[in-house]
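As a plain string of letters, each chain reads:
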Amino acid sequence: MHILTMDDLTNEEILQILRHAENYQHSITKITAPCYAANLFFENSTRTKSSFEMAQKKLGLDVLSFDAQTASIQKGESLYDTVKTLEAIGVDVAVIRHGEDRYFDQLEGRVKLSIINGGDGMGHHPSQCLLDLMTIQQEFSSFEGLAVTIVGDIRHSRVARSNASALRRLGAIVQFSGPKEWMDEELLGAGNYIDFDQAVETSDVLMMLRVQHERHTFGVSFEKDEYHALYGLTDERVKRMPAKSIIMHPAPVNRGVEIADEIVECERSRIFKQMTNGVFVRMAMLQFVLQKREELKHEFVN
Ligand code: CP
């Protein structure tokens, strides 16, 4: 069992993971069987890597250290051989972040350890999506009919892709805003474009995205101040948000670009709450894949 994209989970399984994540906030049942995890991060990360490590430690898993900078991948070893090696020495679950879209296609069906995708290029980010869902559910109890606007660098965003798909399946009304040149035709087909100031005044959730300069190979660019004036969440815009609406951002935040510095920690912001929830959601994801592995083992033996 892997969790590579949100399509690997049914709606029932998503809600089950969210329920378990909520439970982990109050009490933790450790996994008692010996279990080994490794975190293979070939792209930079603070939140995803650290909170998977924290989740693994809270669950009582043994965590192998893996440093992409000093691993034999630097000598030309393939990702497949790297993962097969970890499997051969006894790793049960690997969390992998990689710059290549769908890097996992070369692994799926060829490895026995479980993979949780920690982010693939501009593709998918299921753990971010699940922690975002947990944060939204805590606020509004249900996803049905919620107006969620994802704002900014949609085209380069794995967060947008995972969230748009899952939120829509769960009944939310997903819209996109930001520079029209940065929209994604495929995603727009599944949600409307909305003017940013209109989105500010009508959305239950404003999900702001980081401008991912490292992935920009073409198209329109903006000076920081220009972007902030056109598409940034300023104090003036926040004052026009509906009463119970919230601000989210997967972070890292470019303070003063997507969101004004003083807004990052304002009363409507759930940005640091998202990070706290990330640990509980990742515990629930680990528990989910490990339980499925056990069930499959039993099916095989019987
Ligand atoms: N939100 C997120 O994926 O952050 P990191 O890149 O720090 O893991």
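Quick note: structure is the one above.
Below you will find a few notes about this structure. Note that the coordinates shown come from a computational prediction; the quantities given were computed from them, not determined experimentally.

Rules behind the numbers
- Residues numbered from 1 in each chain as written.
- Predicted model: local features only at pLDDT ≥ 70, side-chain atom pairs only at ≥ 80, totals over all residues.
- Heavy atoms only, no water.
- Phe/Tyr/Trp six-rings, centres within 6.5 Å; stacked < 30°, edge-to-face > 60°.
- Buried < 20%, exposed > 50% of the residue type's maximum accessible area, 1.4 Å probe, protein only.
- Helix = DSSP H or I, 4+ residues; strand = E, 2+ residues; numbered from the N terminus.
- Lys NZ or Arg CZ within 6 Å of the ring centre and 35° of its normal.
- Salt bridge = Lys/Arg side-chain N within 4 Å of Asp/Glu carboxyl O.
- Axes fitted to C-alpha atoms, helices over the stretch in contact; angles between N-to-C directions.
- Parallel < 35°, antiparallel > 145°, perpendicular 65-115°, else oblique.
- Contact = heavy atoms within 4.5 Å.
- Nonpolar A, V, L, I, M, F, W, Y, C, P; charged D, E, K, R; others polar.
- Near = heavy atom within 4 Å.
- Polar contact = N/O pair within 3.5 Å; in protein donor to acceptor, adjacent residues only side chain to side chain.
- Areas by Shrake-Rupley, 256 points an atom, 1.4 Å probe, with all protein chains shown as cover.

**Thoughts on the packing of aromatic side chains**
Tallying each qualifying case throughout the model produces 7 aromatic pairs. Residues phenylalanine 222 and tyrosine 227 carry aromatic rings whose centres are separated by 5.8 Å and whose planes lie at 75° to one another, so their mutual orientation is edge-to-face. Using a relative accessible area of 3% as the deciding quantity, one classes tyrosine 227 as buried. Ring geometry for tyrosine 227 against tyrosine 231: centres 5.5 Å apart, planes inclined by 50°, an arrangement best described as tilted. Taken together, the positions of tyrosine 227 and tyrosine 231, both in helix α8 (residues 224-231) and 4 residues apart, correspond to about one turn of that helix. The buried category is assigned to tyrosine 231, whose relative accessible area is 15%. By way of ring pairs, the aromatic residues Trp182, Phe222, Tyr227 and Tyr231 are connected into one cluster. A cation over an aromatic ring shows up here: arginine 110 above the ring of tyrosine 80, its NZ or CZ 3.7 Å from the ring centre.

**A short note on the pattern of salt bridges**
One pass over the structure, following the stated rule, counts 16 salt bridges. One salt bridge connects arginine 237 with aspartate 197, and the closest N-O pair in it is separated by 2.9 Å. One end of the pair, arginine 237, is in helix α9 (residues 235-238); the other, aspartate 197, is in helix α7 (residues 196-202), with 40 residues separating them in the sequence. Relative accessible area serves as the criterion here: at 7%, arginine 237 is assigned to the buried category. Here aspartate 197 falls in the partly exposed class, since its relative accessible area comes to 25%. Taking the shortest distance from any N to any O, the salt bridge between arginine 240 and glutamate 236 comes out at 2.8 Å.

**Details of the packing of helix α1 (residues 11-26) against helix α4 (residues 126-140)**
Axis separation between α1 and α4 bottoms out at 10 Å; the angle between their running directions is 75°. Our classification of the angle between α1 and α4 gives roughly perpendicular. Counting all contacts with α1, which are made through Ile14, Leu15, Ile17, Leu18, Ala21, Glu22 and Gln25, the residues of α4 involved are Leu130, Leu133, Met134, Gln137 and Gln138. Partitioned by chemical class, the residues of the contact of α1 with α4 number 8 nonpolar, 3 polar and 1 charged.

**Digging into the site of the ligand**
Residues in close proximity to the ligand include Ser45, Thr46, Arg47, Thr48, Arg97, His125, Gln128, Pro250 and Ala251, which together make up its full environment. At 2.8 Å from an oxygen atom of the ligand is found a main-chain nitrogen or oxygen belonging to threonine 46. Interatomic distance of 2.9 Å between a side-chain N/O atom of arginine 97 and an oxygen atom of the ligand. Burial of the ligand by the protein chains amounts to 90% of its free accessible area of 250 Å². Tallied by class, residues from the shell around the ligand come to 2 nonpolar, 5 polar and 2 charged.

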